[in-house]
Amino acid sequence: MKKILVLSLTALLGACSSMTPAPHASLDGEVFYLQRIALPPGATLEVSLQDVSLADAPAVTLARQSGPIQGQVPLPFHLSYDPADVKPGHTYAVSARIEDKGQLLFINTERNSVDLNAKTQQPIRLRVDQVQQ
């Protein structure tokens, strides 16, 4: 009987510890473009935070927000990531793209580096440029 009680309590404690939320940090900002045109209904925005430290390897994505656009520019975004994924000495950047029905309309053409070790994060402004069709 004692073994069953001990096993039950152990399982309960294990379940409680796994329910503890992982620590998180976040980046907030907005995406904008300079053209004075409206986005088509159904356009989508994708913003991602990536480790871009290695030039000869694919970037590692730490956070991504993707979904339909509500309204027009500036387009707000919020990226949540696990600070345990941030490695000392690594370089991180935020990128954005706007698509409509799978066709790329806008994308950032400049690197937008971010310092994830800063005590306070300022809102990020990402400019995207129109893709020529």
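From a predicted model like this one, the values you see are computed outputs, not experimental measurements.

Visitor: Hey, could you go over the overall build of the chain for me, with residue numbers and the actual values?
Guide: Along the backbone of the chain there are one helix and nine strands. Walking the chain from its N terminus toward its C terminus, one meets helices and strands in the order α-β-β-β-β-β-β-β-β-β. With 133 residues in all, the chain has 29% of them scored as buried. The long-range share in the chain, meaning contacts at least 24 apart out of those at least 6 apart in sequence, stands at 65%.

Visitor: Tell me about unusual backbone geometry, and please be specific about residues and values.
Guide: The amide bond that connects Val 73 to the next residue, Pro 74, takes the cis arrangement and shows omega of 0°. Note on placement: Pro 74 falls in the loop between strand E3 (60-68) and strand E4 (75-81). For Lys 101, which is not a glycine, the phi torsion comes out positive at approximately 55°. As for its placement among the helices and strands, Lys 101 is situated in the loop between strand E5 (92-100) and strand E6 (103-107).

Visitor: Before we move on, could you go through the side chain of Ser 48 and cite the residues and values that matter?
Guide: Mapped onto the elements of the fold, Ser 48 is located in strand E2 (residues 44-51). Sequence-distant contacts of Ser 48, that is, excluding residues within four places in its chain, are made with Thr 61, Ala 63, Arg 64, Leu 79, Ala 93, Val 94 and Ser 95.

Visitor: Quick one: what's the story with the nonpolar core, residue by residue and with numbers?
Guide: Of all hydrophobic cores here, the largest spans 27 residues; its most connected members are Leu 27, Val 31, Val 47, Leu 49, Val 94, Ile 98 and Leu 116. Those elements that provide at least two residues to this core are strand E1 (25-32), E2, E3, E4, E5, E6 and strand E8 (124-127). Not counting chain neighbours up to four residues away, the residues in contact with Val 47 comprise Val 31, Ala 63, Arg 64, Gln 65, Phe 77, Leu 79, Val 94, Ser 95, Ala 96 and Leu 126.

Visitor: Got a sec to walk through the sheet that holds E1? Specific residues and values, please.
Guide: Spatially, three strands are ordered E4-E1-E8 in an open sheet, and the strand pairing comes out mixed. Looking at which strands have only one partner, the edges of the open sheet turn out to be E4 and E8. For this sheet, the mean inter-axis angle between neighbouring strands, taken without regard to orientation, is 30°. As defined by bridge partners, E1 adjoins E4 across seven bridges and the pair is classed as antiparallel. In the sheet register, Asp 28 faces E4, and the bridge partner there is His 78.

So, how was this worked out
All chains use their own residue numbering, which begins from 1 and follows the written sequence. Local features in this predicted model are restricted to residues whose pLDDT is 70 or higher, and side-chain atom pairs enter the listing and the counts only when it is 80 or higher, whereas totals over whole chains, interfaces and linings include all residues. Heavy atoms throughout the structure, all of them, feed into the side-chain values; hydrogens and water do not. For the purposes of this entry, the term helix denotes a DSSP run of H or I that reaches at least four residues, the term strand denotes a run of E that reaches at least two, and both are numbered from the N terminus. Burial status follows relative accessibility: with a 1.4 Å probe on protein chains alone, a residue under 20% of its type maximum counts as buried, one over 50% as exposed, and anything between as partly exposed. By definition in these notes, contact holds between two residues if any of their heavy atoms fall within 4.5 Å. For this analysis, a nonpolar core means a set of buried residues of the types Ala, Val, Leu, Ile, Met, Phe, Trp, Tyr and Cys, connected via side-chain atoms within 4.5 Å. Strands were regarded as paired on the criterion that DSSP finds at least two bridges between them. To get an axis, a line is fitted to the C-alpha atoms, and for a helix only the part in contact is used. The angle between two axes follows their N-to-C directions and goes from 0 to 180 degrees.

Everything listed is a geometric property; what it means functionally is a separate question.
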